[in-house]
Amino acid sequence: GAWYALSSSRKEFDFSAPKIVSPQRSLKNTFAYTNTVWCASADVYFITAGAQSSIPLEALLIILNSKLFYLWLYYRGKRKGEMLELYLTPLSAIPLPRLTIGQIKLFSIIGKITTTAFSILKIGPEIFEKVADAIVTEIYFLDHMKERGIAVLDVVERDINEVIQGRDFEKLSDTEIEKVIETLHAKWSHPDNEVRNRIKLFAVRSPEILKPILES
């Protein structure tokens, strides 16, 4: 669905460009996004958006960090013992989804929130990571999750729209983004929230597919 440029830190690279970075080896899929100058001398890989990239890097980030893709990298990628090898060959083979414009927007917002929640407000990203895992998984198991009554994409989008209230998330001020993060954190942590409760049902209603993903 998209093309990206992957570079080793040993090669010539524009360290000021927006990028996703990953260690060469890790016990889990470990990817981080930065749009600032960030340099490394060895054993680090960089992913930048290519000319034909259809998924923004912040949206790509939650796909690469998801539990679903931990399993893909573990069983279909390359390993050294239990260490995932996060370099060119396995990363370039990852089967990226074809997302609609609305899904790209949603993934980008969740990616931005997940990467900034702690740095801005010292709020742990756990609830946002759970939501990210849920929507990534639904892209690949949409019919299954709808059939089991645990689809979450629509309700996640509804909650975000209620909080953002028609504003362009990319144009919000830092103060407005802080408020959005605080409000969504409270909403998705509440015992009566539909997103939270559907996620809690994943393992119960889908023991054959979602439970192994959650336990990965």
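Above this text you will find the structure in question.
As a further point, take the overall build of the protein. On a plain count of helices and strands, the protein comes out with eleven helices and seven strands. Taken along the three principal axes of its C-alpha coordinates, the protein extends 50 × 45 × 30 Å. Looking at the protein as a whole, 45% of its 216 residues qualify as buried. Restricting to contacts in the protein with at least 6 residues of sequence separation, those with at least 24 account for 71%. Total accessible area on the protein stands at roughly 11300 Å², and carbon and sulfur atoms take up 52% of it. Charge separation in the protein, taken as the distance between the mean sites of 27 positive and 26 negative side-chain charges, equals 5 Å.

One non-glycine residue, glutamine 165, lies in positive phi territory at about 60°. Locating glutamine 165 in the fold gives a position in the loop between helix 7 (153-164) and helix 8 (174-189).

Turning our attention to the packing of aromatic side chains. The tally for this structure, following the rule as stated, stands at six aromatic pairs. Seen from their ring centres, tryptophan 38 and phenylalanine 46 are 6.2 Å apart, and the 65° between their planes marks the pair as edge-to-face. What links up through ring pairs into an aromatic cluster is the set Tyr70, Tyr74 and Tyr75. Across the ring face of tyrosine 74, the terminal group of arginine 79 is positioned such that the distance to the ring centre comes to 3.8 Å.

Time to look at the packing of helix 1 (residues 57-64) against helix 4 (residues 101-121). Two numbers describe how helix 1 lies on helix 4: the axes approach to 7 Å, and their chain directions differ by 75°. Viewed along their axes, helix 1 and helix 4 adopt a mutual orientation that is roughly perpendicular. Where helix 1 approaches helix 4, its residues Glu58, Ala59, Leu61, Ile62 and Ile63 are matched on the opposing element by Ile104, Phe107, Ser108, Ile110, Gly111, Lys112 and Thr115. Tallied by class, residues from the contact of helix 1 with helix 4 come to seven nonpolar, three polar and two charged.

This paragraph deals with the environment of methionine 145. Looking at the secondary structure, you find methionine 145 in helix 6 (residues 142-147). Placed 20 residues apart in sequence, methionine 145 and proline 125 show a C-alpha to C-alpha distance of 24 Å. The residues contacting methionine 145, other than those within four sequence positions of it, are Ala134, Thr137, Glu138, Ile150, Ala151, Phe202 and Leu210.

Right, let's get into the pairing of strand 5 (residues 44-49). With five of six residues buried, strand 5 is to be regarded as a mostly interior element. Of the strand pairs in this sheet, strand 2 (residues 19-23) and strand 5 are connected by four bridges, and their pairing is antiparallel. Bridging across to strand 5, serine 22 finds its partner in tyrosine 45.

Turning our eyes to something else, we now look at the pairing of strand 2. For strand 2, the tally of buried residues reaches four of five residues, placing the bulk of the element in the interior. With three bridges joining them, strand 2 and strand 4 (residues 32-34) adopt antiparallel strand pairing. From the neighbouring strand, lysine 19 faces strand 4, where its bridge partner is threonine 34.

The subject of this paragraph is the packing of helix 5 (residues 126-140) against helix 8. When two helices pack together, their arrangement is given by the angle between the helix axes and by the axis-to-axis distance. Where helix 5 contacts helix 8, the two axes come as close as 10 Å, and the packing angle between them is 75°. Regarding the angle of helix 5 to helix 8, the classification is roughly perpendicular. Residue-level contacts link Ile127, Phe128 and Val131 of helix 5 to Ile181, Leu184, His185, Trp188 and Ser189 of helix 8. Taken together, the residues of the contact of helix 5 with helix 8 break down into six nonpolar, two polar and no charged.

Parameters at a glance
- Residues numbered from 1 in each chain as written.
- Predicted model: local features only at pLDDT ≥ 70, side-chain atom pairs only at ≥ 80, totals over all residues.
- Heavy atoms only, no water.
- Helix = DSSP H or I, 4+ residues; strand = E, 2+ residues; numbered from the N terminus.
- Buried < 20%, exposed > 50% of the residue type's maximum accessible area, 1.4 Å probe, protein only.
- Contact = heavy atoms within 4.5 Å.
- Areas by Shrake-Rupley, 256 points an atom, 1.4 Å probe, with all protein chains shown as cover.
- Lys, Arg positive; Asp, Glu negative; His and termini not counted.
- Charge placed at Lys NZ, Arg CZ, Asp CG, Glu CD.
- Phe/Tyr/Trp six-rings, centres within 6.5 Å; stacked < 30°, edge-to-face > 60°.
- Lys NZ or Arg CZ within 6 Å of the ring centre and 35° of its normal.
- Axes fitted to C-alpha atoms, helices over the stretch in contact; angles between N-to-C directions.
- Parallel < 35°, antiparallel > 145°, perpendicular 65-115°, else oblique.
- Nonpolar A, V, L, I, M, F, W, Y, C, P; charged D, E, K, R; others polar.
- Pairing = 2+ DSSP bridges.

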